[in-house]
Every structure is written in C-alpha cells, then in structure tokens.
Amino acid sequence: GKASDASALQLPSASDSTTAPRPTFVTPSSAAMASARQAAVQSSVSKAASTTTPPFQPVRGADGGGLPMGGTGGGAGDSIDSTRASLQRHMEQLKSGVVAERHEALVSVMRLASSGLEGRRQVLSAGFMTSLAKVLEDENEGMQTLAAKSVGVLIATAGQEAQVAAAKAGAIPALVKLLHEERQVATQRAAAGALRTLAPSHSRIQEAIQQAGAVVQLVRLLKEGDPQTQGEAAAALGNLASDRGGAQYERQVFVARAGAIQPLVKLLRSDSQFVRECAATSLSMLSSDNADNQVAIAQAGAIRHLVVLLKDDADEVRRAAAGALGQLAFYNSETNRGNQVAIAEAGAIVPLVGLLSDSTPRVREAASAALRNIVVRNEENQESVVRAGGVTSLVRLLRTGSAGELVQALGAIRNLAADSDLHVNKILSAGVIEPLFDLLEADDYILREEAAGTLRLLARDSEEVRERIAGGLKRF
C-alpha cells in the first residue's frame with residue numbers, strides 16, 4: 001500500500017520498494033498570501049507520497065484585500081431571531097434596483113458569515129448561496145466581483161457544505177463567465193479565486209468546472225493576468241487535478257493539453273512568492289502518478305527551475321519545489337528513471353539534503369519525501385545522497401521530526417538500504433537502531449509499522465544486526 005493510505009499499509013518485506021504519498025494541495029502560506037495581496041512527496045523501498053499539499057484555501061478574499069465589513073448586518077451579540085430577521089431583510093435587499101443598497105446588503109450578510117460558525121450556519125441555511133449566485137450575474141460588475149469574493153470566502157471558511165451549495169446554486173457557469181478577457185482584472189481575479197476554492201477534492205464539481213470552459217480561461221490568465229491573478233489561476237488548475245478518484249488522470253491530461261504546463265513552468269521564475277509557490281504546487285498536482293505529464297513537465301524545463309527554488313527565501317516555495325521534484329521522480333509503482341537522472345544532474349540532491357535541516361518542518365518533510373522517490377532503485381542517486389550526508393540527516397529526523405517527517409525519513413532510509421549492504425552499514429553507523437526502537441512505542445501505528453519494516457530490512461543479511469535488534473527488543 002501507499003505510505004499515504006493507512007488502511008493499506010503492510011509490514012514491508014526485504015524486496016519491497018516504497019514511495020512517498022501523492023500531493024494533497026497545500027494552502028499557500030499566509031506570508032505568501034500577504035505578499036501577493038500587497039502586490040495587488042511502501043515497503044522496503046518507499047514511494048514518497050509527495051508531501052506537497054491540501055488545496056489552496058486562503059481565508060480571505062481572492063485579491064487578498066478581503067471583504068469590506070462595514071454595513072449594518074446582525075452582529076454576534078444579536079438574538080437568533082433578530083439575526084434571522086436581519087438576514088432575510090438583507091437578502092431581500094439584494095433584489096433592490098439601487099446598487100448601493102445591494103452592496104450594503106451583500107456586505108452585511110458577509111459580515112454575519114464572518115462572525116463565526118453560527119453566523120456561517122445561519123447564512124448557508126437561509127439559502128444565501130442561491131442569492132449570491134444571482135448576484136454573480138448582476139448588471140453591475142463591481143457587485144459581480146464582490147459576489148465572487150464572497151463565494152470564495154464562504155467556501156474557504158465553511159468547507160464542503162458551502163462548496164456543494166455553490167455548485168447547486170449555479171455559481172460555476174457564472175464564475176467562468178467572469179474569467180473572460182473583457183472583464184476587469186479584479187473581477188477575473190475574484191472569479192479565479194472562487195473557482196480555486198470550489199475545485200478541490202470533489203470530482204463532480206471538478207467535472208462541472210471543466211465542462212463550463214474554465215480551463216481554457218484559467219490557462220489564458222496564466223499568461224495574461226497580473227501576479228495575483230496568475231497565482232489564483234495556477235492554484236485553481238492544480239486543484240482541478242487534485243481529486244484522487246477515477247477521473248484524476250483524465251483531468252490532469254485535459255489541463256496539460258489545454259496548454260497549462262509551459263506557462264506554469266514560466267511562472268516558476270516569477271518575482272511573486274505567491275505565484276512561484278502556486279506554480280510549483282500546481283505542477284506537482286499535474287505530475288502526480290501521471291507519466292505523460294511528468295515527461296512533458298520535464299521537457300518544458302521545469303526541473304532546473306525547481307532546483308533553483310530549493311534555495312528560495314520563502315519556506316513555502318522551498319516546500320513546493322521539493323514536493324514537485326518528488327512527484328516528477330515516481331509514477332504509480334514505477335520509477336521515472338529519466339526524471340530521476342535529470343533531477344540529479346540538475347544539482348538537486350545536495351540542496352535537498354540541506355533542506356533536511358531546514359528550520360520549517362513542512363520543508364524537511366517535503367525534502368525527505370523527494371529524496372525517498374529520487375533514490376528508489378537508483379544506485380547512483382543513492383550514492384549521491386550518502387556522499388552529501390543524507391544518512392546522518394535522515395537519522396537525525398528520526399529523533400526530532402514530526403510524524404510526517406518521520407514517515408518520509410523512514411521511507412528514504414529503507415530505499416537507501418534496499419540495494420546496498422554498504423549503505424546499510426552507514427545507516428547503522430549513524431545510530432539508527434535506538435530511534436527505531438523508540439518508534440516501536442509510538443502512539444501512531446503507522447510509525448510503529450514503518451519502524452518495524454525498517455528494522456526488518458536492515459537485519460535481512462546480518463546476523464549481528466539481528467542479534468542487536470533481538471537484544472533491544474527485550475525492553476518491550
């Protein structure tokens with residue numbers, strides 16, 4: 001089973017090879033979002049389930065300016081009855097022929113939705129998403145922009161309930177219309193941001209977004225939009241490819257054939273941290289278990305740019321770059337040897353080993369996952385990682401890392417040990433036995449199984465190691 005699927009995990013045999021988990025799109029860091037707003041990774045060899053990412057879901061409005069919270073909406077201290085009455089009044093006011101009144105009503109309802117869980121519940125249960133979908137087709141483009149921002153905020157804060165409500169209310173085709181080139185930049189950006197929050201982890205909604213013609217428009221925005229809009233478009237395209245259901249491969253291919261890969265690769269060189277992060281993570285999603293896209297992304301020149309981003313000043317960009325490189329190196333149960341070689345030749349191994357000591361846990365986890373995939377059944381890459389000091393750094397993570405770091409570090413250690421007794425000796429010399437014993441007592445059963453499988457692999461051809469392990473097990 002995959003490292004990311006706890007229900008499928010089995011103790012590895014000595015001949016197995018493991019890879020790291022597939023990416024789950026990550027939320028862009030708050031620092032990246034703030035910057036964008038201010039500017040306008042299974043068994044003895046493991047497949048490193050890319051630790052890149054859950055879908056891009058910032059809490060604020062698509063352009064980062066958030067929604068104005070003026071107006072006279074019911075506050076948190078109002079009684080439930082008066083709040084309901086106020087909500088109904090504002091929803092009726094959305095039908096007013098006066099733009100200022102419609103604007104005040106929309107801001108007031110969103111103020112209530114932003115007041116907390118109860119406020120969002122009341123807004124959604126009152127059917128506000130249906131009203132909001134109608135405002136997306138308002139005759140005033142400013143109202144359309146505000147409505148698109150509101151859809152994004154509601155979904156980002158209320159989750160799947162709001163996501164499904166928006167789709168049922170007909171928001172998808174209305175939002176896609178707002179992407180068109182004749183619209184104002186702010187409107188296109190807000191619509192792309194709303195589609196970003198609509199797209200992740202829901203196959204039917206993803207299909208509806210695709211059928212409504214969003215992909216072509218989002219790809220156009222990768223080329224023509226301002227940085228914030230480019231980032232939102234990149235994140236939306238990545239989230240469209242994020243579902244792990246039966247249609248993921250087809251959607252990945254659809255996005256690639258629409259021309260997304262080349263502009264995404266170009267955006268890896270953007271001056272905007274937000275755009276670099278979104279582009280790298282989107283490429284990670286498009287390459288997850290998709291050999292065709294992995295080849296296309298590599299041929300487009302992404303690898304050398306991703307290697308450069310491993311040294312980016314922004315931790316979330318470093319994480320996203322490491323995650324993308326890990327995805328490019330592995331396809332389902334097979335290694336993408338061509339990409340493994342290209343990644344190593346581009347100079348990725350030394351900086352990836354360096355990232356095992358990064359100050360940010362998510363970066364260390366992504367680097368461990370990338371190394372886990374890059375060394376699968378590749379003796380040259382394994383030797384390069386060992387020479388770069390990777391063994392010492394991976395064993396250190398077993399003592400100090402988070403649960404995610406531990407899983408990926410264990411997978412990388414098994415992959416390094418799978419094909420070389422010399423590497424096994426170096427791993428043992430680095431002091432791996434004691435932290436593995438400690439992990440046998442971890443609360444997380446996945447960690448216990450991963451540690452047991454690693455001990456089994458290390459002991460396969462060495463009576464001395466088996467005796468050491470047997471002696472250590474007496475404490476249990």
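Residues numbered from 1 in each chain as written. Predicted model: local features only at pLDDT ≥ 70, side-chain atom pairs only at ≥ 80, totals over all residues. Heavy atoms only, no water.

Colleague: Explain the overall build of the protein chain here, please?
Modeller: Along its length, the protein chain carries 28 helices and 4 strands. Looking at the 476 residues of the protein chain, the share that counts as buried comes to 60%. A total accessible area of about 17,800 Å² is found for the protein chain, and carbon and sulfur atoms account for 49% of it. (Helix = DSSP H or I, 4+ residues; strand = E, 2+ residues; numbered from the N terminus. Buried < 20%, exposed > 50% of the residue type's maximum accessible area, 1.4 Å probe, protein only. Areas by Shrake-Rupley, 256 points an atom, 1.4 Å probe, with all protein chains shown as cover.)

Colleague: Please clarify how the nonpolar core should be interpreted in this entry.
Modeller: One finds Leu106, Phe128, Leu175, Leu352 and Val432 to be the most contacted residues of the largest nonpolar core, which totals 138 residues. Excluding anything up to four places from it in sequence, Phe128 contacts Met91, Leu94, Leu106, Val109, Met110, Val123 and Leu154. (Core = buried A, V, L, I, M, F, W, Y, C linked by side-chain atoms within 4.5 Å. Contact = heavy atoms within 4.5 Å.)

Colleague: What's the story with the pattern of salt bridges in this structure? I'm lost.
Modeller: A side chain with one charge can pair with a side chain of the opposite charge if their charged atoms come near. Tallied over the full model, the rule gives 15 salt bridges. Where Lys95 meets Glu92, a salt bridge forms, and the shortest distance between an N and an O atom there is 3.4 Å. Overall, Lys95 belongs to the exposed group, its relative accessible area being 62%. One salt bridge connects Asp138 with Arg102, and the closest N-O pair in it is separated by 2.8 Å. On the criterion of sequence distance, the pair formed by Asp138 in the loop between helix H5 (128–135) and helix H6 (141–158) and Arg102 in helix H3 (residues 99–113) is long-range, its members being 36 residues apart. The network of salt bridges with common partners includes Glu277, Glu316, Arg319 and Arg362. (Salt bridge = Lys/Arg side-chain N within 4 Å of Asp/Glu carboxyl O.)

Colleague: Help me out: how do you make sense of the side chain of Thr145 in this one?
Modeller: Relative to the elements of secondary structure, Thr145 occurs in helix H6. Filtering out sequence-adjacent residues up to four positions away, Thr145 remains in contact with Ala186, Thr187 and Ala190.

Colleague: Any chance you could explain the packing of H3 against helix H4 (residues 117–125) here in plain terms?
Modeller: Geometry of a packed helix pair, given as the angle between the helix axes and the separation of the axes. Where H3 meets H4, the axes come as close as 7 Å, and the angle between the chain directions of the two elements is 130°. Relative to H4, H3 is oriented oblique. Counted together, Val109, Leu112 and Ala113 of H3 and Gly119, Arg120 and Val123 of H4 form the full contact between these two elements. The residue makeup of the contact of H3 with H4, split by class, is 4 nonpolar, 1 polar and 1 charged. (Axes fitted to C-alpha atoms, helices over the stretch in contact; angles between N-to-C directions. Parallel < 35°, antiparallel > 145°, perpendicular 65-115°, else oblique. Nonpolar A, V, L, I, M, F, W, Y, C, P; charged D, E, K, R; others polar.)

Colleague: Explain the side chain of Arg276 to me, please; I cannot follow it from the model alone.
Modeller: Counting through the fold element by element, Arg276 comes out in helix H15 (residues 273–287). Apart from residues no more than four positions distant in its own chain, Arg276 is found in contact with Leu267, Leu268, Ser270, Asp271, Leu309, Asp312 and Val317.

Colleague: Hey, could you run me through the environment of Leu94 in this one?
Modeller: By the element assignment, Leu94 lies in the loop between helix H2 (80–93) and H3. You can call Leu94 buried: its relative accessible area is 9%.

Colleague: Please clarify how helix H18 (residues 315–328) should be interpreted in this entry.
Modeller: Residues that lie three or four places apart on an α-helix share one face, since the helix turns once every 3.6 residues. For H18, built from 14 residues, the straight-helix expectation of 20 Å at 1.5 Å per residue is met to within 8% by its first-to-last C-alpha distance of 20 Å. With 13 of its 14 residues buried, H18 lies for the most part within the structure. (Expected span 1.5 Å × (residues − 1).)

Colleague: Can you help me understand unusual backbone geometry in this one?
Modeller: With the exception of glycine, most residues fall at negative phi, and the peptide bonds are largely trans. Positive phi, close to 60°, is recorded for Ser201, a residue that is not glycine. Residue placement: Ser201 occurs in the loop between helix H9 (185–198) and helix H10 (203–211). Here Asp289, not a glycine, exhibits a phi torsion of approximately 55°, which is positive.

Colleague: Sorry, what's going on with the environment of Ala452 here?
Modeller: Tracing the chain through its elements places Ala452 in helix H27 (residues 445–458). Take Ala452: its relative accessible area is 26%, and that puts it in the partly exposed class. C-alpha separation for the pair Ala452 and Phe437, spaced 15 residues apart in sequence, amounts to 8.5 Å.

Colleague: When you look at the confidence of the model for the protein chain in this model, what are you seeing that I'm missing?
Modeller: Keep in mind that low pLDDT regions are not for reading the predicted coordinates in detail. Of the residues in the protein chain, 81% have a pLDDT of 70 or more, and the chain-wide mean is 84. When the criterion is pLDDT under 50, residues 1–16 qualifies, and its contacts beyond four places in sequence or with other chains add up to 45 contacts. With pLDDT under 50 throughout, residues 21–46 is counted as low confidence; its partners more than four residues away or in other chains account for 150 contacts. (pLDDT = per-residue confidence, 0-100.)

Colleague: What should I look at first to understand the environment of Arg377 in this one?
Modeller: Tracing the backbone shows Arg377 in the loop between helix H21 (361–374) and helix H22 (379–387). C-alpha separation for the pair Arg377 and Glu334, spaced 43 residues apart in sequence, amounts to 9.6 Å.

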